[in-house]
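What follows is each chain in one-letter form.
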Amino acid sequence: MIIRNTLAALVAAIALLSTTGCAVTRNQESVGAYIDDTAITTSVKSRMVDNKTVDAAAISVETLNGTVMLSGFAKNSAERTVAESLAWKTDGVKAVKNEIAIRP
């Protein structure tokens, strides 16, 4: 019985050590990059909420590897431009893709 439990524990330990766990694979971010991107997204969204000319509820913000993607709808081109400007002013932003559509 002791040998069986020891053998099972050894096999489990080898299986755990041989798997990569949190290793980064293609098209995935590291934990640190994910946290940085989440902080950037939160900061951009916060700036939009604080700004009276931007309807933060109508604009979605996503960040991947420092690139911010803005999508959703703006009332006019000025709102679209201000939203992009707010994103660029955020620390850690490397690029901004502005896909915000202007409502007719």
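Residues numbered from 1 in each chain as written. Predicted model: local features only at pLDDT ≥ 70, side-chain atom pairs only at ≥ 80, totals over all residues. Heavy atoms only, no water.

## Quick look at the confidence of the model for the protein chain
For the protein chain, the mean per-residue pLDDT works out to 83, and 72% of the residues sit at or above 70. Counted against residues more than four places away or in other chains, residues 19-26, with its pLDDT under 50, gives three contacts. (pLDDT = per-residue confidence, 0-100. Contact = heavy atoms within 4.5 Å.)

## Some points on the nonpolar core
If you look at the biggest cluster of nonpolar residues, it comprises 16 residues, and the most contacted ones within it are Val44, Met48, Val68, Leu70 and Ala83. Taken together, the elements giving at least two residues each to this core come down to helix 2 (31-50), strand 1 (59-64), strand 2 (67-74), helix 3 (77-88) and strand 3 (95-102). In this structure, alanine 83 is in contact with Met48, Val54, Ile59, Leu70 and Ile100, ignoring residues within four places of it in sequence. (Core = buried A, V, L, I, M, F, W, Y, C linked by side-chain atoms within 4.5 Å. Buried < 20%, exposed > 50% of the residue type's maximum accessible area, 1.4 Å probe, protein only. Helix = DSSP H or I, 4+ residues; strand = E, 2+ residues; numbered from the N terminus.)

## As for a nonpolar patch on the surface
Together, Val31, Tyr34 and Ile35 line one region of the surface with nonpolar side chains, adding up to about 340 Å² of accessible area. Mapped onto the elements, valine 31 comes out in helix 2. What makes valine 31 exposed here is its relative accessible area of 56%. (Patch = residues over 30% accessible without salt bridge, like charges linked within 9 Å, V, L, I, M, F, W, Y side chains within 5 Å. Areas by Shrake-Rupley, 256 points an atom, 1.4 Å probe, with all protein chains shown as cover. Salt bridge = Lys/Arg side-chain N within 4 Å of Asp/Glu carboxyl O.)

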